[in-house]
Amino acid sequence: MTENTQHDATRRNHLLEAAHEEMIKFERKENEFRKKDREERAAELRLPLDAIKVQ
């Protein structure tokens, strides 16, 4: 039974790690998308992003 529990815990940890890595990838892509979208909208409105210092 202990062996089975350890196997389950190992599998769970592996799945959690994989999910965490996927979330990090998603967050990076989302941040890049938002930055690009913000820059495109600023260009359309001719807003100086550097002067506003958007982060």
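Residues numbered from 1 in each chain as written. Predicted model: local features only at pLDDT ≥ 70, side-chain atom pairs only at ≥ 80, totals over all residues. Heavy atoms only, no water.

### So, the overall build of the protein chain
Of regular secondary structure, the protein chain possesses two helices and zero strands. Per-residue burial over the protein chain gives 2% buried out of 55 residues. Carbon and sulfur atoms make up 52% of the accessible area of the protein chain, which totals about 5800 Å². (Helix = DSSP H or I, 4+ residues; strand = E, 2+ residues; numbered from the N terminus. Buried < 20%, exposed > 50% of the residue type's maximum accessible area, 1.4 Å probe, protein only. Areas by Shrake-Rupley, 256 points an atom, 1.4 Å probe, with all protein chains shown as cover.)

### With respect to the pattern of salt bridges
Applying the stated criterion to the full structure yields three salt bridges. In this structure, the salt-bridge partner of E22 is K25, at a minimum N-O distance of 3.4 Å. With a gap of three residues between them, E22 and K25 both fall in helix α1 (residues 2-45), about one helical turn apart. For E22, a relative accessible area of 47% puts it in the partly exposed group. Since its relative accessible area comes to 47%, K25 is described here as partly exposed. Here R41 ties to D37 by a salt bridge, and the two come within 3.1 Å at their closest N and O atoms. (Salt bridge = Lys/Arg side-chain N within 4 Å of Asp/Glu carboxyl O.)

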